[in-house]
Amino acid sequence: MKEVTLLKQAYFPFVPEHRQKKRRYHNSDANKLFAQDRAFHQWYRFVLSFPPHLVQEYIEKFQLRDGDVLLDPFCGTGTTLVEAKKFCLQSIGVEANKMTHFAATIKCHWTIDPDQFIAESKKIAMLAEKKIRSCKKIQTLSDEQMELLLENSISPMPLHKTLILLELIDATQTQFTGHQRLALATSTVRYSSNLHFGPEVGVTREKKQDSDVVTDWLTTIDMFVRDLREIPIRDKTIQKKKLRTEVIWGDSRYLGDCLQNYEPHSITAVFTSPPYPNEKDYTRTTRLESVLLGFLRNKLELRQMKQGLIRSNSRNIYKNDNDDHFIDSYSEVKKIAETIETKRIAMGKTSGFEKMYHKVVLQYFGGMTCHLQSLKPFLKKGAMLGYVVGDQASFLQVYIPTGKILADIAVQLGYKLIAIDPFRTRFATATKMNMNEEVVVLQWNG
Ligand SMILES: C[S@@+](CC[C@H](N)C(=O)[O-])C[C@H]1O[C@@H](n2cnc3c(N)ncnc32)[C@H](O)[C@@H]1O
């Protein structure tokens, strides 16, 4: 691998100087959002987001500069894209979950006027307070929508107030509407809901019977405004360089469909974190705000969204799934799947989900193979790629070395393996093992 040299100050005028030095951090801090990195990232994050400092590290290692195009094919809440923007780099994100696609889009939209934004939001807040005081009928969601939520995600009174506020935001339809909706998603989850994340999403025992929804929303808007006020200089540089950030709603197993507007060989680097093969249901983490903002209206839409995701847990495996045929020649994956299934039978585990475990492994690595294959035509010769993945043992404690398998698959597809860099370790209580999270670094030489 090329020796790591830091970019010159000129290439990232807005990244504080102390961030440009080689970083060392403790394992326990590795996944944290550092205080100096909060701007724009704090608008909306989820437990599955990786930290901005990791993206910074690889932008530096890959020596990205003016004219380079950075792709995050599993962009989630847009951490890579926001960092690319801070480094004045062009970037593209692909994301299949409508809620996180929306959040990433808004987090990269910095050209609204902060003073007007707060003034318009205060007007809506006043109307909302008035309507909340006068409204006698408690607003709620439809039964179909309610069925999608984790039970008791939000108590009736905060929900009532949130829906009144949302209706008024949507009725105005201004250039600020997207930001106001995202601020409502963030403030609802943070201040009004009964949800906790640790790392699984769950419902707290102590329910919030009421909350000051409108004030909390304005506090969140204020936080957006503080970040927006800092950017006039950044923005000028970005505009001068005609920087583009595009967030595409699509399925990264089929990048030919997602990147139709991009020339072949136009992507210089990839930095991303795909789902890991474990029992995390990515749509549950974002369920409350997805339903509130209308991205999920019924079970059919939920199913359709799940079908657009890499199969990574037993709740999104379907009868017609056939990504496994992409890994017909990878015996290691098949061996792991067989070990899981044999163990399940030996343990007498017969639930529908447990019967899916071995299928998840086959579909997961098949889907990732399909993704890596569909990416190739878009990569520039010499393109550098970083995939952040974690080893797993969620399926009956059978160990899955995710990074190593992904690296083997990539090599068979013609990528060059540069390194598997350690990122952090996590202690898994179920297995009493330290599980590695790593960055698989690849290069595409055409
Ligand atoms: C680990 S998260 C990425 C988090 C992101 N790095 C961040 O900082 O927010 C993986 C993301 O991949 C998305 N995803 C899963 N399958 C996908 C697919 N086939 N195409 C596009 N996105 C997908 C999930 O919805 C999830 O947001």
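Residues numbered from 1 in each chain as written. Predicted model: local features only at pLDDT ≥ 70, side-chain atom pairs only at ≥ 80, totals over all residues. Heavy atoms only, no water.

Turning our attention to the overall build of the chain. Across its full length, the chain holds 16 helices and nine strands. The C-alpha radius of gyration of the chain comes to 22 Å, within 12% of the 22 Å expected for a compact globule of 446 residues. Along the longest, intermediate and shortest principal axes, the C-alpha atoms of the chain span 65 × 60 × 40 Å. Sorting the 446 residues of the chain into buried and exposed places 58% on the buried side. At a minimum sequence separation of 6, the contacts of the chain that also span at least 24 residues come to 76%. Accessible area for the chain stands at about 19900 Å²; split by element, carbon and sulfur atoms hold 51% of it. Side chains of the chain carry 63 positive and 51 negative charges; the gap between the two charge centres is 2 Å. (Helix = DSSP H or I, 4+ residues; strand = E, 2+ residues; numbered from the N terminus. Rg over C-alpha atoms; globule rule 2.2 N^0.38 Å. Buried < 20%, exposed > 50% of the residue type's maximum accessible area, 1.4 Å probe, protein only. Contact = heavy atoms within 4.5 Å. Areas by Shrake-Rupley, 256 points an atom, 1.4 Å probe, with all protein chains shown as cover. Lys, Arg positive; Asp, Glu negative; His and termini not counted. Charge placed at Lys NZ, Arg CZ, Asp CG, Glu CD.)

Bringing the side chain of Gln443 into the picture now. With respect to the element layout, Gln443 can be found in strand 9 (residues 433–444). With relative accessibility at 15%, the residue Gln443 sits in the buried group. Here Gly382 takes part through its backbone oxygen, which lies 3.3 Å from a polar atom of the side chain of Gln443. (Polar contact = N/O pair within 3.5 Å; in protein donor to acceptor, adjacent residues only side chain to side chain.)

This paragraph deals with the packing of aromatic side chains. Any pair of aromatic rings gets described here by the distance separating the centres and the angle formed by the planes. If you walk through the whole model with that rule in mind, you get eleven aromatic pairs. Where Phe40 meets Trp43, the ring centres are 5.3 Å apart and the plane angle is 55 degrees; that geometry is what we call tilted. Per residue, the accessibility class of Phe40 equals that of Trp43, and both read buried. By way of ring pairs, the aromatic residues Phe40, Trp43, Trp110 and Phe224 are connected into one cluster. Residue placement shows Lys85 over the ring face of Trp110; its charged tip is 4.9 Å from the ring centre. Looking at Lys98, its charged tip hangs above the ring of Trp249, at a distance of 4.8 Å from the centre. (Phe/Tyr/Trp six-rings, centres within 6.5 Å; stacked < 30°, edge-to-face > 60°. Lys NZ or Arg CZ within 6 Å of the ring centre and 35° of its normal.)

The next thing to look at is the pattern of salt bridges. This model, assessed by the stated rule, comprises 23 salt bridges. Its salt-bridge partner being Glu437, residue Arg424 comes within 2.7 Å of it at the nearest N-O pair. Pair noted here: Arg424 is in strand 8 (residues 416–428) and Glu437 is in strand 9, with a separation of 13 residues, a long-range link. With relative accessibility at 19%, the residue Arg424 sits in the buried group. Owing to a relative accessible area of 6%, Glu437 belongs among the buried residues under this scheme. The network of salt bridges with common partners includes Glu57, Lys61 and Asp421. (Salt bridge = Lys/Arg side-chain N within 4 Å of Asp/Glu carboxyl O.)

To continue, consider a nonpolar patch on the surface. Together, Val411, Leu417 and Ile420 make up an exposed nonpolar region whose accessible area comes to about 210 Å². Summarising the element assignment, Ile420 is placed in strand 8. Residue classification places Ile420 among the partly exposed positions, given a relative accessible area of 32%. (Patch = residues over 30% accessible without salt bridge, like charges linked within 9 Å, V, L, I, M, F, W, Y side chains within 5 Å.)

Accessible area lost upon the coming together of the parts serves often as the stated size of an interface. By the assigned domains, the chain splits into domain 1 (1–110 + 241–257), domain 2 (114–229) and domain 3 (274–278 + 313–446). Between the C-alpha centres of domain 2 and domain 3 the distance comes to 37 Å. (Domains from an automatic or database assignment.)

Strand order in the open sheet formed by seven strands is 5-2-1-6-7-9-8, with mixed pairing between adjacent strands. A single partner strand is all that each edge strand has here, and the edge strands are strand 5 (245–249) and strand 8. Direction aside, the axes of adjacent strands within the sheet are offset by 15 degrees on average. Relative to strand 2 (residues 90–95), strand 1 (residues 69–72) is paired through four bridges, and the arrangement is parallel. If you follow Val69 over to strand 2, its bridge partner there is Gln90. (Pairing = 2+ DSSP bridges. Axes fitted to C-alpha atoms, helices over the stretch in contact; angles between N-to-C directions.)

Looking now at the environment of Leu195. Tracing the chain through its elements places Leu195 in strand 3 (residues 195–197). The sequence separation of Leu195 and Asn152 amounts to 43 residues, and the corresponding C-alpha distance is 8.5 Å. Once residues lying within four places of it in the same chain are set aside, the contact partners of Leu195 are Leu150, Ser153, Val201, Gly202, Val203, Thr204 and Leu288.

Residues in contact with the ligand amount to 23 residues; listed here are only the nearest, Thr77, Thr79, Glu95, Asp251 and Ser252. One of the backbone nitrogen or oxygen atoms of Phe50 is found 3.1 Å away from an oxygen atom of the ligand. Ala96 places a polar main-chain atom, nitrogen or oxygen, 3.3 Å from a nitrogen atom of the ligand. (Near = heavy atom within 4 Å.)

Between its terminal C-alpha atoms helix 8 (residues 213–229) stretches 24 Å, which fits the 24 Å expected from 17 residues at 1.5 Å a residue. Within the span of helix 8, buried status applies to Val213, Val214, Asp216, Trp217, Thr220, Ile221, Met223, Phe224, Val225, Asp227 and Leu228. (Expected span 1.5 Å × (residues − 1).)

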